[in-house]
Protein chains: 2
Amino acid sequence: MILEKKKMFNDFAAAKGLRSTRQRDIILDIFLSTHQHISVEDLYFKVKSSNPGVGHATVYRTLKLFVECGLAREVLFYDGQTRYEHVVAGEHHDHLVCTNCNSIVEFENETIEMLQNEIAARHGFQIKGHKLEIYGLCSSCRRQ
Amino acid sequence: MILEKKKMFNDFAAAKGLRSTRQRDIILDIFLSTHQHISVEDLYFKVKSSNPGVGHATVYRTLKLFVECGLAREVLFYDGQTRYEHVVAGEHHDHLVCTNCNSIVEFENETIEMLQNEIAARHGFQIKGHKLEIYGLCSSCRRQ
DNA sequence: ATTAATAATGAAAACGACTATCAAAACCAA
DNA sequence: TTGGTTTTGATAGTCGTTTTCATTATTAAT
Ligand SMILES: [Mn+2]
Ligand SMILES: [Mn+2]
Ligand SMILES: [Zn+2]
Ligand SMILES: [Zn+2]
């Protein structure tokens, strides 16, 4: 799984004529070891803790490469920070976001996806992507 | 319609113990005269053109009051600017956004709204709001 | 009307996430 | 090795927005 993704990035880099660097390897390793919607800042701190030399800008730059090669997806939940999540091949999901504790639940809904296609078609749009987020209070925040 | 909305704001302000100011009246007038998803910057320039004295910060502050009182809704389409649109009582819509020319088409879909409620209920969420944006190429941008 | 308390304003500075710059370092093909 | 090219990281800059704070306006009480 992880090796597979590393290969994915290496192939992408090779095809693009990118050089192989220690920094990109480190950032990929650490990104692959994280779960769910990590902010650039958090990833940067994780990287720094084991590799103090790595710079801010490199983390930003490298995450964009991950998106370009299909390893990561940019997610924005309006706390003003860009987050990245892992792309799982053939999978797509949207998010329930708790406005109190910021916890996130992922969900999939075929019907909604289908309806979106219909809506786009009806308006002559060629869909490139979409963003569906449901905001509210998660079950544990409701109780308190 | 416009008088109704002005009353709405006045009532809100009174209930909140806000003072009535020339600036807030001006900004409300001009906001009510605009259409669809205006950015703070654009509204600020509109305000300035007839009332050069009004400050940047006041426009930002006042728009937040409009949202709080239910007159306006914040919309973010990821060009990095916050936009505001008019709230029409009892109406809700989502957006198709052209990634090429930035044009926006509004749509409503009962089924999707219903499915969102189901999804939230299934996960124990109490919905506060949602955001559904479909990104793609509009019909005229497709042709070119 | 005058006053006094307090809220609102606007110019300017600060903020925060991100991007650009650029000299130094790393990479890699020859 | 060498040398051309890419990448890096410190730092400065950008941009939308928020904060600060001295000044001004509003309002309720006199
Ligand atoms: Mn997710
Ligand atoms: Mn709209
Ligand atoms: Zn919660
Ligand atoms: Zn278009």
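As the structure is a computational prediction, the values presented were derived from the model and not from experiment.

1. Structural notes on the pairing of strand S3 (residues 82-86) of chain B
Residues and elements named next belong to chain B.
Move 1: Here S3 lies mainly inside the structure; 4 of its 5 residues are buried.
Move 2: With 2 bridges joining them, strand S1 (residues 38-39) and S3 adopt antiparallel strand pairing. Looking at the pairing, Ser-39 lines up with Arg-83 of S3.
Move 3: Bridging between strand S2 (residues 72-76) and S3 involves 5 bridges; their strand directions are antiparallel. Across the sheet, Leu-76 pairs through a bridge with Thr-82, a residue of S3.
Move 4: What sits between the antiparallel neighbours S2 and S3 is a turn of 5 residues, in which Tyr-78 has the positive phi angle 65°.

2. A closer look at the side chain of Asn-109 of chain B
Move 1: Tracing the chain through its elements places Asn-109 of chain B in the loop between strand S5 (104-107) and helix H5 (110-122).
Move 2: Given the relative accessible area of 12%, Asn-109 of chain B is considered buried.
Move 3: Of the polar contacts made by the side chain of Asn-109 of chain B, one reaches the backbone nitrogen of Ile-112 of chain B; its length is 2.8 Å.
Move 4: For Asn-109 of chain B, the contacting residues outside a window of four places in its chain are Leu-115 and Ile-119 of chain A.

3. Remarks on the nonpolar core
Move 1: With 26 residues, the main nonpolar core has Leu-96 of chain A together with Leu-96 of chain B as its most contacted residues.
Move 2: What Leu-96 of chain A contacts, discounting residues up to four positions off in sequence, is Ser-103, Ile-104, Val-105, Phe-107 and Ile-134 of chain A together with Ile-119, Ala-120, His-123 and Phe-125 of chain B.

4. Things to note about the protein's contact with DNA strand D
Move 1: Among the 20 residues in the neighbourhood of DNA strand D, the closest are listed as Arg-19, Thr-58 and Arg-61 of chain A together with Lys-64 and Thr-82 of chain B.
Move 2: What you see for DNA strand D is that sugar and phosphate hold 70% of its atoms within 4 Å of the protein.
Move 3: At 2.5 Å from a base oxygen of DNA strand D is found a side-chain nitrogen or oxygen belonging to Arg-19 of chain A.
Move 4: A distance of 3.1 Å separates a phosphate oxygen of DNA strand D from a polar atom in the backbone of Gly-53 of chain A.
Move 5: Those elements giving two or more residues to the surface near DNA strand D turn out to be helix H2 (22-32) and helix H4 (56-69) of chain A together with helix H4 (56-69) of chain B.
Move 6: Its residues placed into classes, the surface near DNA strand D shows 4 nonpolar, 10 polar and 6 charged.

5. Remarks on the coordination of the zinc ion (ligand 4)
All names here are of chain B.
Move 1: Protein coordination at the zinc ion (ligand 4): the donors are Cys-98 (SG), Cys-101 (SG), Cys-138 (SG) and Cys-141 (SG), at 2.2 to 2.4 Å from the metal.
Move 2: Coordination at the zinc ion (ligand 4) is tetrahedral: its 4 donor atoms span angles of 102 to 113° at the metal.
Move 3: Written as a sequence motif, the donor residues of the zinc ion (ligand 4) are C-x2-C-x36-C-x2-C. Pair noted here: Cys-101 is in the loop between strand S4 (94-98) and S5 and Cys-141 is in helix H6 (residues 139-143), with a separation of 40 residues, a long-range link.
Move 4: Residue class for Cys-101 comes out partly exposed when judged on its relative accessible area of 37%.

6. Some details on the relation of the copies chain A and chain B
Move 1: It takes a turn of 178° to lay chain A on chain B, together with a shift of 0.0 Å along the axis; the resulting RMSD is 0.3 Å. The superposition of one copy onto the other is thereby described by a two-fold rotation axis. Across chain A, the rotation axis passes nearest the C-alpha of Leu-132 of chain A, at a separation of 2.2 Å.
Move 2: Most of the interface of chain A is mirrored in chain B, where 100% of its interface residues are also at the interface.

7. Considering the sheet that holds strand S1 (residues 38-39) of chain A
Residue and element names in this part refer to chain A.
Move 1: The 3 strands lie next to each other as S1-S3-S2, forming an open sheet whose pairing is antiparallel. Looking at which strands have only one partner, the edges of the open sheet turn out to be S1 and strand S2 (72-76).
Move 2: Packed onto the sheet, H4 meets S2 and strand S3 (82-86) and runs at close to 115° relative to S2.

8. What about the packing of helix H1 (residues 2-16) of chain A against H4 of chain A?
Residues and elements named next belong to chain A.
Move 1: Direction vectors running N to C along H1 and H4 enclose 95°, while the axes themselves pass 10 Å from each other. Of the possible angle classes, the one that applies to H1 and H4 is roughly perpendicular. Together, Met-8, Phe-9, Phe-12 and Lys-16 of H1 and Leu-65, Phe-66, Glu-68 and Cys-69 of H4 make up the contact between the two elements.
Move 2: For the contact of H1 with H4, the class distribution of residues is 6 nonpolar, no polar and 2 charged.

9. Details of helix H5 (residues 110-122) of chain A
Move 1: Compared with the 18 Å implied by 1.5 Å per residue over 13 residues, the 18 Å span of H5 of chain A between its first and last C-alpha is a close match.
Move 2: In the core, the buried residues of H5 of chain A are packed alongside strand S6 (126-137) of chain A together with S4, S5, H5 and strand S6 (126-137) of chain B.

10. As for the protein's contact with DNA strand C
Move 1: Neighbouring DNA strand C are 21 residues; Arg-19 and Thr-82 of chain A together with Arg-19, Thr-58 and Arg-61 of chain B lie closest to it.
Move 2: Counting only atoms of DNA strand C within 4 Å of the protein, the fraction found in sugar and phosphate groups is 71%.
Move 3: Within the side chain of Arg-19 of chain B, an N or O atom sits 2.6 Å from a base oxygen of DNA strand C.
Move 4: A distance of 2.8 Å separates a phosphate oxygen of DNA strand C from a polar atom in the side chain of Thr-21 of chain B.
Move 5: Where the surface near DNA strand C is concerned, the elements lending two or more residues are H4 of chain A together with helix H2 (22-32) and H4 of chain B.

Each value, and the rule that gives it
Residues numbered from 1 in each chain as written. Chains lettered and ligands numbered in written order. Predicted model: local features only at pLDDT ≥ 70, side-chain atom pairs only at ≥ 80, totals over all residues. Heavy atoms only, no water. Buried < 20%, exposed > 50% of the residue type's maximum accessible area, 1.4 Å probe, protein only. Helix = DSSP H or I, 4+ residues; strand = E, 2+ residues; numbered from the N terminus. Pairing = 2+ DSSP bridges. Polar contact = N/O pair within 3.5 Å; in protein donor to acceptor, adjacent residues only side chain to side chain. Contact = heavy atoms within 4.5 Å. Core = buried A, V, L, I, M, F, W, Y, C linked by side-chain atoms within 4.5 Å. Near = heavy atom within 4 Å. Nonpolar A, V, L, I, M, F, W, Y, C, P; charged D, E, K, R; others polar. Donors = N, O, S within 2.8 Å, 3.2 Å for Na, K, Ca; no water. Tetrahedral: all angles 85-135°; square planar, octahedral: opposite > 155°, others 65-115°. Least-squares fit on C-alpha atoms with pLDDT ≥ 70 in both. Axes fitted to C-alpha atoms, helices over the stretch in contact; angles between N-to-C directions. Parallel < 35°, antiparallel > 145°, perpendicular 65-115°, else oblique. Expected span 1.5 Å × (residues − 1).

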